[in-house]
Amino acid sequence: AVFTALPAAGFRALRFDFRSVRDPDRFGGGVAESADVVAALDGLAGDRSDVPLFLVGYSFGAAVSLGTLDGRVGAIVAIAPPLGAM
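Residues numbered from 1 in each chain as written. Predicted model: local features only at pLDDT ≥ 70, side-chain atom pairs only at ≥ 80, totals over all residues. Heavy atoms only, no water.

**Overview of the pattern of salt bridges**
What counts, and what does not: Each reported salt bridge corresponds to a side-chain nitrogen of Lys or Arg within 4 Å of a carboxyl oxygen of Asp or Glu. A run of DSSP states H or I qualifies as a helix once it reaches four residues; a run of E qualifies as a strand once it reaches two. Both are numbered from the N-terminal end. Relative accessibility under 20% of the residue-type maximum defines a buried residue, over 50% an exposed one, and the middle range a partly exposed one, all with a 1.4 Å probe and only protein chains included.
Tallied over the entire structure, the rule returns two salt bridges. Of the charged contacts, one joins D42 and R72 as a salt bridge, the two residues approaching to 2.8 Å between their closest N and O atoms. Of this pair, D42 sits in helix α3 (residues 31-45) while R72 sits in the loop between α4 (60-67) and β2 (73-79), placing them 30 residues apart in sequence. The salt bridge partner of R72 is D70, with a shortest N-O separation of 2.9 Å. A relative accessible area of 31% means that R72 is categorised as partly exposed. Connected through salt bridges with shared partners, the residues D42, D70 and R72 form a single ionic network.

**Brief notes about the pairing of β2**
Rules: Any two strands are treated as partners once DSSP identifies two or more bridges connecting them.
In terms of strand pairing, strand β1 (residues 53-58) meets β2 through six bridges, oriented parallel. Following the sheet pairing, Y58 is matched in β2 by I79.

**Quick look at the packing of aromatic side chains**
In plain terms, the rule: Only the six-membered ring of Trp is used, alongside the rings of Phe and Tyr, when aromatic pairs are assigned; centres must lie within 6.5 Å, and planes under 30 degrees apart are stacked while those over 60 apart are edge-to-face, with the rest tilted.
Applying the stated rule across the entire model yields three aromatic pairs. Residues F11 and F54 carry aromatic rings whose centres are separated by 6.1 Å and whose planes lie at 75° to one another, so their mutual orientation is edge-to-face. Here the residue F11 occupies a position in the loop between α1 (2-8) and α2 (19-22), and F54 occupies one in strand β1, the gap between them amounting to 43 residues. Relative accessible area serves as the criterion here: at 40%, F11 is assigned to the partly exposed category. Residue classification places F54 among the partly exposed residues on the basis of a relative accessible area of 41%. Between the aromatic rings of F18 and F60, the centroid separation amounts to 5.6 Å while the plane-to-plane angle is 80°, which identifies the pairing as edge-to-face. On the criterion of sequence distance, the pair formed by F18 in the loop between α1 and α2 and F60 in helix α4 is long-range, its members being 42 residues apart.

**Here we look at the environment of F60**
Given a relative accessible area of 31%, F60 falls into the partly exposed group. For the pair formed by F60 and P81, sequence separation is 21 residues and the distance between their alpha carbons is 6.4 Å.

Written out as structure tokens, the structure is:
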């Protein structure tokens, strides 16, 4: 629902699965997944350094978003983060 609503509100949106979804042996405990997020930010930002980027994540994606440090991120929306596991 969030992914559908963002473009309707004027945001460019990118939705992806972490590499661990496709290959459980590559699960990175959040570290490799943060690298996935940074790679997605690279692709989404392109050469537009003037546009703020926002991370929106649900559950594990929320936890990874909160743990991803990147100066291009202007805000993080964490939906149902697994706080007990964090």
